[in-house]
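Results of the structural survey
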Amino acid sequence: MIPVIERIRQSLVCLHMARALETLDQILSRLEKGEISAIEAIDELLAEELSLREGRRIGVALRTARLMPIKNQSTLIRATAAVPSMRAVLIGDVPPDTDAGYKSELESLTDKLGVRQRVIFAGSQPRDGVREALWRASAAVNLSPVGLFDKAALESMAAGVPTIVSNPAFHP
């Protein structure tokens, strides 16, 4: 049987809770000395991690999808123009053997709305890159229409990122 402390370490690694993992030994030492209670130890671990995460989350809306009109990236660009403190990151590219005209339209839209500096076209990313982007995002945005069950929404929800969806299939 794996000791409790080792299970906690493994859980913190799996949850990408780096700051909590760094402070685990120090907090456990204080717990063993009777300086803090178990509840206070848990609270400190979570507080360390949440303060780190909140520092990273600086008004970034993330959209992970192929660049195609059905994915409605233009709506997110318009929303970025309406919210001056927001930035948008679009992960994904035009599918192979598809006209790249939609991407050009999106880039032109950012220029027209004056948000070119706040909209990042990140292109295709490896899984680690997507995870890192989710980690840094304030929210994930999924604007796929009814009938299109987009796994990107599930991935962002599973990562614990607040996820804004337009498809009622995802509503509770």
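Not measured: the values here are computed from a predicted model. (Residues numbered from 1 in each chain as written. Predicted model: local features only at pLDDT ≥ 70, side-chain atom pairs only at ≥ 80, totals over all residues. Heavy atoms only, no water.)

**Overview of the pairing of strand E2 (residues 87–91)**
Using the following cut-off: Relative accessibility thresholds used throughout: buried, under 20% of the residue-type maximum; exposed, over 50%; partly exposed, between the two (1.4 Å probe, protein chains only). Starting at the N terminus, helices and strands are each numbered in turn, a helix being any DSSP run of H or I of at least four residues and a strand any DSSP run of E of at least two. Pairing between two strands requires that DSSP report at least two bridges joining them. By the criterion used throughout, a crossover qualifies as right-handed when its path from the first strand across the helix to the second strand runs clockwise, the strands pointing away from the viewer.
The buried fraction of E2 is high, at 4 of 5 residues. By the bridge criterion, 5 bridges tie strand E1 (residues 60–64) to E2 in an arrangement that is parallel. Note that in E2 the partner of leucine 62 across the bridge is valine 89. Each parallel crossover has a hand, and for E1 linked through helix H4 (residues 73–82) to E2 it is right-handed.

**What about the packing of H4 against helix H5 (residues 101–113)?**
Let me state the cut-off plainly: Only C-alpha atoms enter the line fits that serve as axes; for helices the fit covers just the stretch in contact. Angles between N-to-C directions range over 0 to 180 degrees. Each angle gets one of four labels, with under 35 degrees taken as roughly parallel, over 145 as roughly antiparallel, 65 to 115 as roughly perpendicular, and the rest as oblique. A contact between two residues is defined here by any heavy atoms of the two lying within 4.5 Å. Residues were grouped as follows: Ala, Val, Leu, Ile, Met, Phe, Trp, Tyr, Cys and Pro as nonpolar; Asp, Glu, Lys and Arg as charged; and all remaining residues, including Gly, as polar.
Closest axis-to-axis distance for the H4/H5 pair is 10 Å, and the angle between their directions is 10°. When the interaxial angle is binned, H4 and H5 end up roughly parallel. Contacts between H4 and H5 pair Gln73, Ser74, Ile77, Arg78 and Ala81 from the former with Tyr102, Leu106, Leu109, Thr110 and Leu113 from the latter. Taken together, the residues of the contact of H4 with H5 sort by class into 6 nonpolar, 3 polar and 1 charged.

**Some points on the sheet that holds strand E5 (residues 163–165)**
Strands sit in the order E3-E2-E1-E4-E5 across an open sheet of 5 strands; the sheet is parallel. Of all the strands in the sheet, the pair left with one neighbour each is strand E3 (119–123) and E5. Looking at each pair of strands side by side, their axes are set apart by 25° on average, direction ignored. Pairing of E2 with E3, which is carried by 4 bridges, proceeds in the parallel orientation. Across the sheet, residue leucine 90 finds its bridge partner in E3, namely phenylalanine 121.

**A word on empty space enclosed by the protein**
Here is the rule we go by: Definitions used for this entry: grid spacing 1 Å over protein atoms alone; cavity, a set of points where a 1.4 Å probe fits but cannot get out; pocket, an open set with protein on both sides within 12 Å along at least 5 of 7 lines; lining residue, one with an atom within 4 Å of a point. Grid points are joined across faces, edges and corners, and a volume is the space filled by probe spheres set on the points.
With the rule as written, the count across this model stands at 1 cavity of 30 Å³ or more. Taken together, 13 residues line the largest cavity, and the ones lying closest to its centre are Thr64, Ala140, Ala152, Ala153 and Ser156. Elements that contribute at least two residues to the lining of the largest cavity include exactly E1, helix H6 (127–136), strand E4 (139–142) and helix H7 (151–158). Here the element with the most residues in the lining of the largest cavity is H7; it accounts for 4 residues.

**Things to note about the pattern of salt bridges**
Here is the rule: Within this document, salt bridges are pairs made up of a side-chain nitrogen of Lys or Arg and a carboxyl oxygen of Asp or Glu, the two lying within 4 Å of each other.
Across all of its chains, the model carries 5 salt bridges by this definition. A salt bridge links glutamate 35 to arginine 30; the shortest N-O distance between them is 3.7 Å. Since its relative accessible area comes to 26%, arginine 30 is described here as partly exposed. The salt bridge partner of aspartate 128 is arginine 131, with a shortest N-O separation of 2.3 Å. Pair noted here: aspartate 128 and arginine 131 are both in helix H6, with a separation of 3 residues, about one helical turn.

**Focus: a nonpolar patch on the surface**
Which entries qualify depends on this criterion: To count toward a patch, a residue needs a relative accessible area over 30% and no salt bridge; like charges are then connected within 9 Å, while nonpolar side chains (Val, Leu, Ile, Met, Phe, Trp, Tyr) are connected within 5 Å. Each accessible area value is a Shrake-Rupley result obtained with a 1.4 Å probe; residue values ignore everything except the protein chains displayed when judging cover.
Judged by side-chain polarity, Ile39, Ile42 and Leu46 come together as a nonpolar surface patch covering roughly 310 Å² of accessible area. With respect to the helices, strands and loops of the structure, isoleucine 42 is situated in helix H3 (residues 38–56). Among the residues examined, isoleucine 42 registers a relative accessible area of 48% and is labelled partly exposed.

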